Amino acid sequence: MSDDPTAEETRADPVRPAFLTTVRTEPRKRYAALAVALVVGLAVAWVHWLGLVVAGALVGLVSRTVPRAAAAGLGVGVAALALTVLASPTMGPGEFLALTPPTYVAIGGGLVAPALGALIRGVI
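Residues numbered from 1 in each chain as written. Predicted model: local features only at pLDDT ≥ 70, side-chain atom pairs only at ≥ 80, totals over all residues. Heavy atoms only, no water.

Caption draft 1: The pattern of salt bridges, seen in detail. One pass over the structure, following the stated rule, counts one salt bridge. For the salt bridge of K29 with E26, the shortest nitrogen-to-oxygen distance reads 3.6 Å. In this structure K29 comes out as partly exposed when scored by relative accessible area, which is 41%. Judged by its relative accessible area of 33%, E26 is partly exposed. (Salt bridge = Lys/Arg side-chain N within 4 Å of Asp/Glu carboxyl O. Buried < 20%, exposed > 50% of the residue type's maximum accessible area, 1.4 Å probe, protein only.)

Here it is, written out as structure tokens:
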């Protein structure tokens, strides 16, 4: 067994597609894939709230490790919440935070759902 974390990534695995190994090991491709996953995931999340889980799963799949995937999922949640507040034509950040019970659910769901979706990285 090698101490090199990339050694595990390069071995053949029937569960992991070959392009994921390439994306995870090459930084330039990983950054591009993260950007595309973020945009596609946020577009799906704009249509339905389950899109937050999809967004987290997309960024998690192209992340290098499980902790980085969870952090990327959390980052997607923060981006989704920021876009929700900024895209609202009638409600500003202060008004959003004044709606305390619904705000707690929105913030909790917005942060937890993508992080939960990103944990797919531990499987694939």
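From this point, the discussion proceeds with the structure in view.
Caption draft 2: Broad picture of a nonpolar patch on the surface. Taken together, the side chains of V36, V40, V44 and V54 present a nonpolar region at the surface, about 280 Å² in accessible area. With three residues, helix α3 (residues 27-47) is the single largest residue contributor to the nonpolar patch. Mapping V44 onto the fold places it in helix α3. Look at V44 and you get partly exposed, because its relative accessible area is 34%. (Patch = residues over 30% accessible without salt bridge, like charges linked within 9 Å, V, L, I, M, F, W, Y side chains within 5 Å. Areas by Shrake-Rupley, 256 points an atom, 1.4 Å probe, with all protein chains shown as cover. Helix = DSSP H or I, 4+ residues; strand = E, 2+ residues; numbered from the N terminus.)

Caption draft 3: Looking closely at the packing of helix α4 (residues 51-61) against helix α5 (residues 66-87). Look at α4 against α5: their axes get within 8 Å of each other, and the N-to-C directions meet at 140°. As judged from the angle between their axes, α4 and α5 are oblique. Seen along the crossing, α4 lies across α5 with a hand that is right-handed. In contact with L52, A55, V59 and G60 of α4, α5 contributes A69, A72, G73, V76 and A80. For the contact of α4 with α5, the residue count by class is seven nonpolar, two polar and no charged. (Axes fitted to C-alpha atoms, helices over the stretch in contact; angles between N-to-C directions. Parallel < 35°, antiparallel > 145°, perpendicular 65-115°, else oblique. Left-handed = near helix turned anticlockwise from the far one by under 90°. Contact = heavy atoms within 4.5 Å. Nonpolar A, V, L, I, M, F, W, Y, C, P; charged D, E, K, R; others polar.)

Caption draft 4: Region of the structure containing the side chain of R30. Its location among the elements puts R30 in helix α3. For R30, a relative accessible area of 8% corresponds to the buried category. With sequence-adjacent residues up to four places away left out, R30 is seen in contact with V23, R24, T25, V62 and R64.

Caption draft 5: Region of the structure containing α4. The buried fraction of α4 amounts to eight of the eleven residues, a majority that puts the element mostly inside the structure. Among the structural elements, α2 (18-25), α3, α5 and α7 (100-118) are those in contact with the buried residues of α4.

Caption draft 6: A look at the environment of A80. Position of A80 relative to the elements: it lies in helix α5. Between the C-alpha atom of A80 and that of L111, which follows or precedes it by 31 residues, the distance is 8.7 Å. Here A80 is in contact with L42 and L52, once residues within four sequence places are set aside.

Caption draft 7: Seen up close, the nonpolar core. By size, the foremost hydrophobic cluster in this structure holds ten residues: A37, L42, A45, L52, A55, V59, A72, V76, A80 and A113. Listing elements by their share of this core, those giving two or more residues are α3, α4 and α5. Apart from the residues lying within four places of it in its own chain, the contact partners of V76 are L38, L42, A55, V59 and P114. The next biggest cluster of nonpolar side chains, apart from the first, holds five residues, and it includes L20, V23, A33 and L61. (Core = buried A, V, L, I, M, F, W, Y, C linked by side-chain atoms within 4.5 Å.)

Any link to function would need more than the numbers given here.
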